[in-house]
Amino acid sequence: MYFGKGGHINCAECNSQLAIVSDFSAIRVCDTCGNVNFKYSQPVKVAMVKPTEDLSPVKTGTTGQYDGVPFVVTGRCRINASDCYYNLWAVHITPTEEAAWLIESAGSYAFLRTKKVAYNEIAEPALWNGKSDSYYALPELGSCRLLVTDNIKNVVVEGETGDILTQPDNADLYELQSDDEQSIFIIKKKNKTLHYQRGKVTTLEDLKLANTRSIDISGNSTQSLKPIQHTCNCGADIKVYTHSLARRYACGSCGAYYKLDGDRFTLIDKKGKVNYAPAIPLGTTGNIDGNDYTIIAFIAKTETRYNYLWTEYILFNPIKGYAFLSEYQGHWMWLTPVNFYVTTDTYTYEIPYENKIYRLYSKYQGKIETCIGEFNYNINGTSRPKCNDDICRPAVRV
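Residues numbered from 1 in each chain as written. Predicted model: local features only at pLDDT ≥ 70, side-chain atom pairs only at ≥ 80, totals over all residues. Heavy atoms only, no water.

*Asks:* Teacher, can you tell me more about the overall build of the protein here?
*Replies:* Of regular secondary structure, the protein possesses one helix and 28 strands. Its C-alpha radius of gyration of 22 Å places the protein within 12% of the 21 Å reference for a compact globule of 398 residues. When the backbone C-alpha atoms are referred to their principal axes, the protein occupies close to 65 × 50 × 40 Å. Here the protein, with 398 residues, has 47% of them falling under the buried criterion. Taking contacts inside the protein between residues at least 6 apart in sequence as the whole, the part at least 24 apart equals 49%. Accessible surface for the protein amounts to roughly 20,200 Å². Of this, 47% is attributable to carbon and sulfur atoms. (Helix = DSSP H or I, 4+ residues; strand = E, 2+ residues; numbered from the N terminus. Rg over C-alpha atoms; globule rule 2.2 N^0.38 Å. Buried < 20%, exposed > 50% of the residue type's maximum accessible area, 1.4 Å probe, protein only. Contact = heavy atoms within 4.5 Å. Areas by Shrake-Rupley, 256 points an atom, 1.4 Å probe, with all protein chains shown as cover.)

*Asks:* Looking at this structure, I do not really get unusual backbone geometry. What am I missing?
*Replies:* Most peptide bonds take the trans form, and the phi angle of most residues other than glycine is negative. Phi angles above zero are rare outside glycine, and L55 is one such case at about 65°. Locating L55 in the fold gives a position in the loop between β4 (36-38) and β5 (63-66). Look at L55 and you get buried, because its relative accessible area is 1%. Not every positive phi belongs to a glycine, and H243 is a case in point at roughly 50°. Mapping H243 onto the fold places it in the loop between β16 (237-240) and β17 (248-250).

*Asks:* Whenever I open this one, the pairing of strand β27 (residues 386-392) confuses me. Can you help?
*Replies:* Along any regular strand the residues' side chains alternate between the sheet's two faces. Two strands pair when backbone bridges link them, and strand β26 (residues 356-375) and β27 are joined in this way by six bridges, in the antiparallel orientation. The residue of β27 that forms the bridge with Y364 is C387. Taken together, the three bridges between β27 and strand β28 (residues 395-397) define a ladder with antiparallel strand orientation. Bridge pairing in β28 links D390 to R397. As consecutive antiparallel partners, β27 and β28 are separated by two residues. (Pairing = 2+ DSSP bridges.)

*Asks:* Looking at this model, I keep getting lost on the side chain of N87. Mind explaining?
*Replies:* Residue placement: N87 occurs in strand β7 (residues 85-93). For N87, the side chain forms a polar contact with the side chain of D54, separated by 2.8 Å. With near-sequence residues (within four places) excluded, N87 lies in contact with D54, S56, R76, C77, R78, L102, I103 and E104. (Polar contact = N/O pair within 3.5 Å; in protein donor to acceptor, adjacent residues only side chain to side chain.)

*Asks:* Help me understand the pairing of strand β22 (residues 309-317), please; the structure alone is not making it clear to me.
*Replies:* Within β22, eight of the nine residues are buried, leaving the element largely enclosed by the surrounding structure. Pairing of strand β21 (residues 291-303) with β22, which is carried by eight bridges, proceeds in the antiparallel orientation. Paired with T294 across the two strands is F316, which belongs to β22. Counting the residues in the hairpin turn of β21 and β22 gives five residues, including N307, whose phi is positive at 65°. In sequence, β22 turns back onto strand β23 (residues 321-328) through a hairpin of three residues.

*Asks:* Help me understand the nonpolar core in this model?
*Replies:* Note on soluble globular proteins: their nonpolar side chains tend to be buried together. Formed by 25 residues in total, the largest nonpolar core has its most connected members in I27, I79, L88, I152, L173, F185 and I187. Those elements that provide at least two residues to this core are β3 (27-29), β4, β6 (69-81), β7, β8 (98-105), β9 (108-115), β11 (142-161) and β13 (182-188). Apart from the residues within four sequence positions on either side, I187 is in contact with I79, L88, I152, I164, L165, A171, D172, T193, L194 and H195. Membership of the second largest hydrophobic core comes to 18 residues, among which are A106, Y257, A297 and I379. (Core = buried A, V, L, I, M, F, W, Y, C linked by side-chain atoms within 4.5 Å.)

*Asks:* Explain the packing of aromatic side chains here, please?
*Replies:* Two measures describe an aromatic ring pair: the distance that separates the ring centres and the angle between the ring planes. Tallying each qualifying case throughout the model produces 13 aromatic pairs. Ring centres 5.5 Å apart and planes at 50° place the aromatic pair F71 and F111 in the tilted group. With F71 in strand β6 and F111 in strand β9, this residue pair connects regions lying 40 residues apart in the sequence. Look at F71 and you get buried, because its relative accessible area is 3%. Seen from their ring centres, W128 and Y174 are 5.1 Å apart, and the 70° between their planes marks the pair as edge-to-face. Of this pair, W128 sits in the loop between β9 and β10 (135-138) while Y174 sits in strand β12 (residues 172-178), placing them 46 residues apart in sequence. Of the two residues examined, W128 and Y174, each falls in the buried class. (Phe/Tyr/Trp six-rings, centres within 6.5 Å; stacked < 30°, edge-to-face > 60°.)

*Asks:* How should the environment of R247 be read in this particular structure?
*Replies:* Relative to the helices and strands, R247 is located in the loop between β16 and β17. Taking the C-alpha atoms as reference points, R247 and F265, 18 residues apart in sequence, are found 9.6 Å from one another. Excluding residues that lie within four positions of it along the chain, R247 makes contacts with N80, A81, D83, C84, Y85, Y258, K259, L260, D261, F375, N376 and Y377.

*Asks:* Which parts of the structure should I look at to understand the environment of G107?
*Replies:* Tracing the sequence through the fold places G107 in the loop between β8 and β9. Along the backbone, G107 and P318 are 211 residues apart, and their C-alpha atoms lie at a distance of 7.2 Å.

*Asks:* Please explain the side chain of E369 as it appears in this structure.
*Replies:* Secondary-structure assignment places E369 in strand β26. The exposure class assigned to E369 is buried, which follows from its relative accessible area of 12%. For E369, the side chain forms a polar contact with the side chain of T302, separated by 2.7 Å.

*Asks:* Help me understand the environment of T74, please; the structure alone is not making it clear to me.
*Replies:* On the secondary structure map, T74 appears in strand β6. Relative accessible area serves as the criterion here: at 8%, T74 is assigned to the buried category. Taking the C-alpha atoms as reference, T74 lies 38 Å from I372; in sequence the two are 298 residues apart. Discounting chain neighbours no more than four positions away, the residues touching T74 are V21, T60, A90, H92, G159 and E160. Separated by 2.6 Å, the side chain of T74 and the backbone oxygen of E160 make a polar contact.

As structure tokens, this is what we get:
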């Protein structure tokens, strides 16, 4: 079956007529029966699975601009891995008739284009068994930092996309970033073929998106999306506000620790430590800079050397993503993620960022004493991070 821009195809399963947006599309999912139709052949029947709620504001038909050039979203490949998820939104660049990918994960975005890179072109095969925060050489980029590596568990395709993974196929994913802030996303199949995409990290504001989904988790209106609800073994009510973004949940009553997959809860640890309680209840919504954030998690930490205690609250807004409130002895800090990575050593005391110099204020290592609520990573499975606080008053970089 062949299809191209402006034409139509008939679904191989139900014969429904399907419009085609881009010449670069290789897959068209039927809007009626969900059959996955392939451009050049039908190698295997792929069952349609409806994606679980992930609070993404993007949808098929969303329009936007990248570097001033307009595009339209034609479909997506939703990748669910062991401890993370990604939406690979297929993008048709309207003026130049090109294809690209808008990759989304937990409120972060990158605009990438497919590059032809063979398995044997990766100079450091150690990447395939690499560890996060280690560096590996990539073609044309040199040394790049490995941010995420994971095994793909399931794949959901919808709409119209370019050539991409349609089944898990025991594939692995790798997300890296170069020193000049280029983003690289690689899918490695078991037959050693690669889907290799490269581009730049971006934001929803820069993309100027239109025709997006309106999502509200604040609970302040009848239109608010209801949280996933579950009853812990101890009888406590559990509410998960971020739906399939959440990967772990820690009960605030008994400390039970769950692995999450959508609305499925798997008990990992029957009883954890609950030594501290949040001063602000989980589920509380507040407005910061005109945006409603919901508190979804609480963490109490102690410094390993001097044993002082501080607390952190994780907040979420469907458009802005994650943010944090950190409290120490009644002093509060508002923290948001930035797309900035830097290599430091024992002698690094100054870091330039956005035309300012941040100077080292303190070094420390934190130990988790209590964690309550929902997390988009395995918070109990991570090593204790070594942290630096760099100051450029009134801002701090952690």
